[in-house]
Amino acid sequence: MCGIAGKIYFNASSMASREELVRMSSSMIHRGPDSSGIYLDKGVGLAFRRLSIIDLSDAGNQPMCNEDEMVWIVFNGECYNYRELKQDLIARGHFFKSDTDTEAFIHAYEEYGMDFLHRVNGMFSLAIYDKRIGKIFLAVDRLGVKPLYFFASTNAFLFGSEIKAIIADPSVPKDLDSLAVKQYFNLGYIMAPRTIFSGLCKMEPGHLISLDISSGTVSAQKKYWQLGFSQCGCSFDDWQEEFEKTFYEAVDRRLISDVPLGVFLSGGLDSTAVLMAMDKLGHKNVSTFSIAFKEDAFDESCFSRSVSERFKSRHHEFLVKPDAIELLPKLAWHFDEPFDDASALPSFYLAQETKKSVTVALSGDGGDELLAGYPRYATFAKLERFRSLLPFGLSNKMAGIIATMLPRHLKTSKRLYLSSLELAQSYQEHMSAFSVRETERILNNDFFKQTSPGFDFSSILESVENDVVTGLQYLDSKTYLPGDILVKVDRTSMANSLEVRSPFLDYLLWEKVFSLPAKSRYDGKSAKLPLKKLLAPIMGQSFVDRKKMGFNVPLNNWFSGQLRSYANDLLLSERTSGRGYVNMDYIREILKQHQTGKCDHSRKIWNLLFFEQWCRVWLD
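The following paragraphs examine the structure supplied in this document.

## Some details on the sheet that holds strand S10 (residues 200-202)
Adjacent strands of a sheet pair through backbone hydrogen bonds, lying either parallel or antiparallel. Ordered by their spatial adjacency, six strands build an open sheet running S2-S3-S1-S9-S8-S10, and the pairing between neighbours is antiparallel. Sheet topology places strand S2 (35-41) and S10 at the edges, where each strand pairs with a single neighbour. If you compare each strand with its neighbour and ignore which way they point, the axes differ by 10° on average. Across the sheet, helix H1 (residues 18-26) touches strand S1 (2-9), S2, strand S3 (44-50) and strand S9 (156-160), and the angle it forms with S1 is around 150°.

## A word on helix H7 (residues 269-280)
With 12 residues, H7 ought to run about 16 Å at 1.5 Å a step, and its terminal C-alpha atoms sit 16 Å apart, in line with that. Extensive coverage of H7 is indicated by the burial of 11 of its 12 residues. Where H7 is concerned, the buried positions are Leu269, Asp270, Ser271, Thr272, Ala273, Val274, Leu275, Met276, Ala277, Met278 and Asp279. Where H7 terminates, the next one or two residues include Gly282, which has phi positive at roughly 100°.

## Some words on the pairing of S3
The buried fraction of S3 amounts to seven of the seven residues, a majority that puts the element mostly inside the structure. Side chains of S3 alternate between two faces, with Val44, Leu46, Phe48 and Arg50 and Gly45, Ala47 and Arg49 buried alike. Pairing of S1 with S3 involves seven bridges; the strand directions are antiparallel. When the sheet's bridge partners are listed, Ile8 is paired in S3 with Val44. With seven bridges joining them, S2 and S3 adopt antiparallel strand pairing. For Gly37, the partnering residue across the bridge sits in S3 and is Phe48. Linkage of S2 to S3, two consecutive antiparallel strands, is achieved through a turn of two residues, within which Lys42 is found at a positive phi near 55°.

## Quick word on unusual backbone geometry
The omega torsion across Gln62 and Pro63 is -5°, close enough to zero to call that bond cis. Within the secondary structure, Pro63 sits in the loop between S3 and strand S4 (64-65). Put simply, Ala192 and Pro193 share a cis peptide bond, and its omega is 10°. Looking at the element boundaries, Pro193 is found in the loop between helix H5 (178-187) and S10. The residue Asp336 is not glycine, and still its phi comes out positive at about 70°. Checked against the element boundaries, Asp336 lands in the loop between helix H9 (328-335) and helix H10 (344-354). On the basis of relative accessible area, Asp336 is assigned to the buried category, the value being 2%. In the Ramachandran plot, Ala372 falls in the positive-phi region, its phi being about 60° despite a non-glycine side chain.

The rules behind these values
- Residues numbered from 1 in each chain as written.
- Predicted model: local features only at pLDDT ≥ 70, side-chain atom pairs only at ≥ 80, totals over all residues.
- Heavy atoms only, no water.
- Pairing = 2+ DSSP bridges.
- Helix = DSSP H or I, 4+ residues; strand = E, 2+ residues; numbered from the N terminus.
- Axes fitted to C-alpha atoms, helices over the stretch in contact; angles between N-to-C directions.
- Contact = heavy atoms within 4.5 Å.
- Expected span 1.5 Å × (residues − 1).
- Buried < 20%, exposed > 50% of the residue type's maximum accessible area, 1.4 Å probe, protein only.

Here it is in structure tokens:
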């Protein structure tokens, strides 16, 4: 696990300098504290930060090249099938001088060109410089686990694992993208290919681009992987067997390491299944790590402890208190962009404490998106069934009319408003921090008001000719998963030089699950059916059937109590008002309604707090 960066000049007379690359690399030292490397070739500069996981010797250092030094690579991530890939390449006449996945990528590129991406299984972002043809290739893994950003000007192209590596170059402007700002206030994150800075782009999952150095031509992002939905006609027992086999293989692939391994253990189904699989595969006495809250409604520590006791793990538990808010400036720096998922707080704290014991942790991330675990999937499936029973458009019109007659802050008003919209628009509003109409109200500057949100969930949903739940799962795999969940995991873990691996993000598992009938995941009453069937004999039926809690933070209590003055002081300050970005009267209204108990605006408050703190870190 590492950080990569590069700068390529289009003008042959311009030379990439070591100082430029050191500045970019140094901004990401947290991603790779073990070593660093730089390669310069006239107008091409590549930089690398290393967190040593596999082959801890110097043979694993990057940038790395092939035998004749005509192909160079910087690579961030892990290739879980690199040993099988290596054996294939050796049989084809390639010579290896290390036992690294990075070197396997180099020889795979020599043998297959960029089509080698179809042969690898892992989480990665990479850049390959082929001196023979004067091209740079950039690519990210199929589900977008590992990030990669890029910026193209008239005379240069820059890329990096984090935005800070690119804007460390003084030639890169930091102009706000008005569409991205609206996306943030609406969704709570910014979807690829946009970023908060105009012209600075993020690679989309399962995509690659190429750069012709001599002409300065940058290709459009090209998709090399697409999740399919072809269904087999097997029985329930058969598809359960197929799921379990593929899941165990996914876990086994992620146990390759030359450093200690641990597990993030929430006490939920996903992380419990990971620990159970490790135990079955012979990894005993594993170190496990979990978070606890004083607030009972948010605390799952009793469940994580019971799971730990069942598998006899070395368990570590950490209590998160309201003073964790002091991490907010640090989070704003590490995330590079505004990001309103408050679970980043306990995630950062968990990674920080876990790093004291291990360098790699397995997690259950992606399990809800893969197996329809979010309760919202069932909610929207029921809503669509209700709509189908009424004459076309009738339910929408009735709900819309009633919603306009009720105060906007009431939950009933919001539910009616959502039911008046088509599925894609309703789901977008449900997932939002500020609804579309609220976003228009919170943003105070004409610069932001002149643009639309710039994305359309309906086009993604329409590409799936399937049931509602499968469609929403696919939608989340394209939006919420890479835009929120995976960003949170990458930034909080790498900020603490910790590698996190999730078996539920194995693309072969995704292809297997979505080749099975939708009822194998959700039968109209219960979700995550194959995982529950797997765990029930070991953990008991009551364990698998208990209501999902989710990884939430007690912001409602915090902002009404100990953090009340903190929120007021930051959001109502002259510094915030002076920016002219947000409607201060609306902010006062939000704070008053929340603090008097009229409405729970905790997510909106967190959204605003993170945005203001981000502005102070990156703009002031």
